[in-house]
Amino acid sequence: FGDGASAGIVRCNLDKNRIIKLKFLTDGRFSEMQKLNLGYRMPFVDAIPLEWFTIDFHKLAIQELAPNGEDLREQLKWYQRVMKEGSLQIMNELLTECELEKSEIDYILAYNYNRPALQEFANSLDLPLEKTTWYISEYCGHLGPADIFYNFTRLKEDGKIKSGDKVAVFSAGSGYSWSAGLIEI
């Protein structure tokens, strides 16, 4: 497995790119899916067999989502519904706490994920796909934790956001967790 990291510098008392609010939400019901039982103790050997590191993710998903032989399709639908509900919950809470209407959001700065999910998310905020970072996701793909920083930079460089715009920032992760924020450019 590879993982990544990203970093940013945040300065206080600026008149531009002002962070108005940040929100976080987690649902621990899926935490077990993120743990791979690879064992912690391994014998000393001259060479490590490749099969020790081969993981069948399809089998793992079935074991976690339908451990008792339930219909996997139904379990996946449930899992996707929880993801959607968390996404909507975090954004609705953000807008409520910022005392904003959906119509006051100028752009969605999201992590790079699939078009149907981002389209549905944009629709829930009454914004067209063109007001999201899909145009970046389409050719760039998922950059891990760097998605938000890269996409923010691209939005600024491409002239998609301007001074005074309110940008909703959204990201989600497996486990499941969601984060959202509001930035005024």
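From a predicted model like this one, the values you see are computed outputs, not experimental measurements.

Basis of the calculations
- Residues numbered from 1 in each chain as written.
- Predicted model: local features only at pLDDT ≥ 70, side-chain atom pairs only at ≥ 80, totals over all residues.
- Heavy atoms only, no water.
- Helix = DSSP H or I, 4+ residues; strand = E, 2+ residues; numbered from the N terminus.
- Buried < 20%, exposed > 50% of the residue type's maximum accessible area, 1.4 Å probe, protein only.
- Contact = heavy atoms within 4.5 Å.
- Polar contact = N/O pair within 3.5 Å; in protein donor to acceptor, adjacent residues only side chain to side chain.
- Arc of directions from axis to C-beta.
- Pairing = 2+ DSSP bridges.
- Axes fitted to C-alpha atoms, helices over the stretch in contact; angles between N-to-C directions.
- 1 Å grid on protein atoms, 1.4 Å probe; cavity = no way out; pocket = protein on both sides within 12 Å on 5 of 7 lines; lining within 4 Å.
- Points joined across faces, edges and corners; volume = space filled by probe spheres on them.
- Phe/Tyr/Trp six-rings, centres within 6.5 Å; stacked < 30°, edge-to-face > 60°.

## Topic: the overall build of the protein
Move 1: In terms of helices and strands, the protein carries 5 helices and 4 strands.
Move 2: Along the protein, helices (α) and strands (β) appear in the sequence β-α-α-β-α-α-α-β-β when read from the amino end.
Move 3: Relative to its 185 residues, the protein shows a buried fraction of 32%.
Move 4: For the protein, long-range pairs separated by at least 24 residues make up 64% of all intrachain contacts whose partners lie at least 6 apart in sequence.

## A look at unusual backbone geometry
Move 1: Phi is positive for glutamate 99, close to 55°, though the residue is something other than glycine.
Move 2: If you trace the backbone, glutamate 99 turns up in the loop between α2 (72-97) and β2 (107-110).
Move 3: The exposed category is assigned to glutamate 99, whose relative accessible area is 72%.
Move 4: Of note, aspartate 126 is a non-glycine position whose phi angle comes to about 60°, a positive value.

## A look at the environment of glutamate 97
Move 1: Mapped onto the secondary structure, glutamate 97 falls in helix α2.
Move 2: Judged by relative accessible area, glutamate 97 falls into the partly exposed class, the value being 40%.
Move 3: Linking glutamate 97 and lysine 23, residues 74 residues apart in sequence, is a C-alpha distance of 9.6 Å.
Move 4: Those residues in contact with glutamate 97 that sit more than four places away from it in its chain are Lys21 and Lys23.
Move 5: A polar side-chain atom of glutamate 97 sits 2.9 Å from a polar atom in the side chain of lysine 23.

## Concerning helix α3 (residues 115-124)
Move 1: Residues of α3 that are buried: Leu118, Phe121, Ala122 and Ser124. Around the axis of α3, the buried residues are gathered within 160° of arc, so they sit on the same side.
Move 2: Count one or two residues on from α3 and you reach aspartate 126, which has phi positive near 60°.

## Quick notes on the sheet that holds strand β4 (residues 177-184)
Move 1: Ordered by their spatial adjacency, 4 strands build an open sheet running β1-β4-β3-β2, and the pairing between neighbours is mixed. Single-partner strands in this sheet number two, and they are β1 (18-26) and β2. With strand direction ignored, the average angle separating the axes of adjacent strands in the sheet is 20°.
Move 2: Of the pairings in the sheet, the one linking β1 to β4 comprises 8 bridges and is antiparallel in character. Considered in β4, the bridge of leucine 25 is made with tryptophan 178.
Move 3: Each of β2 and β3 (166-173) touches helix α5 (residues 147-157); the most contacted strand, β2, lies at about 145° to it.

## Some details on the layout of surface pockets
The gaps left among the atoms become clear once a water-sized probe is rolled over them.
Move 1: When its volume is computed, the second largest pocket comes out at roughly 440 Å³.
Move 2: Residue lining of the second largest pocket: 18 residues in total, with Met83, Lys84, Tyr111, Tyr113 and Ala117 positioned closest to the centre.
Move 3: Elements that contribute at least two residues to the lining of the second largest pocket include exactly α2, α3 and β3.
Move 4: When residues of the lining of the second largest pocket are assigned to their parent elements, the largest contribution, 6 residues, is made by α2.

## A few points about the packing of aromatic side chains
Move 1: Scanning the model with the defined rule gives 3 aromatic pairs in all.
Move 2: Ring geometry for tyrosine 111 against tyrosine 113: centres 4.2 Å apart, planes inclined by 10°, an arrangement best described as stacked. Here the two residues tyrosine 111 and tyrosine 113 agree in accessibility, since each one is buried.
Move 3: Relative to phenylalanine 170, the ring of tyrosine 111 lies with its centre 6.0 Å away and its plane at 45°, an arrangement referred to as tilted.

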